[in-house]
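Summary of the model geometry
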There are 2 protein chains.
Amino acid sequence: MDVTTADGPAARFDAFAASCPSRRLLDTIGDKWASLVIVALGLGGRMRYSELSARIAGVSQKMLTQTLRGLERDGLLTRAVTPSVPVRVDYELTPLGQSLLETICRLKEWAEVHMPEVDAARAAYDRNHA
Amino acid sequence: MDVTTADGPAARFDAFAASCPSRRLLDTIGDKWASLVIVALGLGGRMRYSELSARIAGVSQKMLTQTLRGLERDGLLTRAVTPSVPVRVDYELTPLGQSLLETICRLKEWAEVHMPEVDAARAAYDRNHA
DNA sequence: CGGGATCCATTTCGATACTG
DNA sequence: CAGTATCGAAATGGATCCCG
């Protein structure tokens, strides 16, 4: 879907374009691992790669590295390399990352309050559409 | 990733399990189209399938239908079929769906405030990692 | 009009092996 | 220790055809 094209039929997408800030934010925190990394760092403060890997058990090296790179690029966390032997790398939320953490926590609150309703709705739906 | 299994190695995932309410919420609103549907219905009130399809230009039948079914199942919107010829189907947010809309709007506010910082961080990162 | 069913291209992601 | 590189399985999503 080439919505980045300025002209042509795609121009009608505007308000719902992928370049819309809120959509791009959802692309970030909607990611399976990104939000977990942010929450982990929010709880644990400064953490090493291996600590994150253990905390977020189930994530592959590839995904963890990829996620960390993305979040670093977005300025949500910092990556500090200590050139010892063996190498030591620490990750930590930036102030920007911490403000996002707060936003995610508000999301979490909605979830805790309303997910039971969602579950009930699902159960009812599944019962009627057996 | 079989995190739903109660026992075995997967049991260590607990706090970060996919069954956690906040994670399941992210699975919903993190979806490419679900949030757009919610916002569209929030702005437009009751809408027909074809209206949604036009408003969220770029979505395929398959994805729109699939998204609507999912949101209906979650109790976030209602689906009303008028058995005329041709058929008419209207979708509308439930109160639960509207409360989620508010949550999404708060996300949107974070995005509007902070995405410029994210963009700046990206530009800086890309400059240093050419 | 509002989809359901199917096929196929793309993307995503985990497992594995290797490196400074 | 903290990655990078590569490969193949699997999920995702769009296009197309069909129907009530």
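Since the model is a prediction, treat every value here as computed from it, not as a measurement. (Residues numbered from 1 in each chain as written. Chains lettered and ligands numbered in written order. Predicted model: local features only at pLDDT ≥ 70, side-chain atom pairs only at ≥ 80, totals over all residues. Heavy atoms only, no water.)

1. Here's the deal with the relation of the copies chain B and chain A
Mapping chain B onto chain A is achieved by rotating through 180 degrees and translating by 0.0 Å along the same axis, at an RMSD of 0.1 Å. The two molecules are tied by a two-fold rotation axis, judged by turn and shift. Considering only C-alpha atoms, the part of chain B nearest the rotation axis is Gly30(B), at 2.0 Å. (Least-squares fit on C-alpha atoms with pLDDT ≥ 70 in both.)

2. Considering the protein's contact with DNA strand D
Close to DNA strand D lie 18 residues, the nearest being Gln61(A), Arg79(A), Tyr91(A), Lys62(B) and Met63(B). When the atoms of DNA strand D within 4 Å of the protein are grouped by moiety, sugar and phosphate amount to 56% of the total. Arg48(A) is positioned such that a nitrogen or oxygen atom in its side chain is 3.0 Å from a phosphate oxygen of DNA strand D. At 2.5 Å, a side-chain N or O of Arg79(A) approaches a phosphate oxygen of DNA strand D. Of all the secondary structure elements, the ones that give two or more residues to the surface near DNA strand D are helix H3 (49-55), helix H4 (61-73) and strand S3 (88-93) of chain A together with helix H4 (61-73) of chain B. If you tally residues by element for the surface near DNA strand D, the top one is H4(A), at four residues. Split by residue class, the surface near DNA strand D holds eight nonpolar, five polar and five charged. (Near = heavy atom within 4 Å. Polar contact = N/O pair within 3.5 Å; in protein donor to acceptor, adjacent residues only side chain to side chain. Helix = DSSP H or I, 4+ residues; strand = E, 2+ residues; numbered from the N terminus. Nonpolar A, V, L, I, M, F, W, Y, C, P; charged D, E, K, R; others polar.)

3. A short note on the protein's contact with DNA strand C
Taken together, 18 residues surround DNA strand C, and among them Lys62(A), Met63(A), Ser50(B), Arg79(B) and Tyr91(B) come closest. For DNA strand C, the fraction of protein-proximal atoms (within 4 Å) that sit in sugar or phosphate groups is 65%. For DNA strand C, a base oxygen lies 2.5 Å from a polar atom in the side chain of Lys62(A). Separating a phosphate oxygen of DNA strand C from a side-chain N or O atom of Arg69(B) is a distance of 3.0 Å. Put simply, the parts of the chain that give the surface near DNA strand C at least two residues each are H4 of chain A together with helix H3 (49-55), H4 and strand S3 (88-93) of chain B. Per element, the largest residue contribution to the surface near DNA strand C is four residues, and it comes from H4(B). The residue inventory of the surface near DNA strand C, partitioned by class, reads eight nonpolar, five polar and five charged.

4. Some remarks on the UniProt feature "domain: HTH hxlR-type" (unreviewed entry) in chain A
In this numbering, the UniProt entry assigns the feature "domain: HTH hxlR-type" (unreviewed entry) to residues 20-119 of chain A. A helix fraction of 65% and a strand fraction of 14% characterise residues 20-119 of chain A, whose end C-alpha atoms lie 31 Å from each other. (UniProt positions renumbered as here; feature names shortened; annotations may be inferred.)

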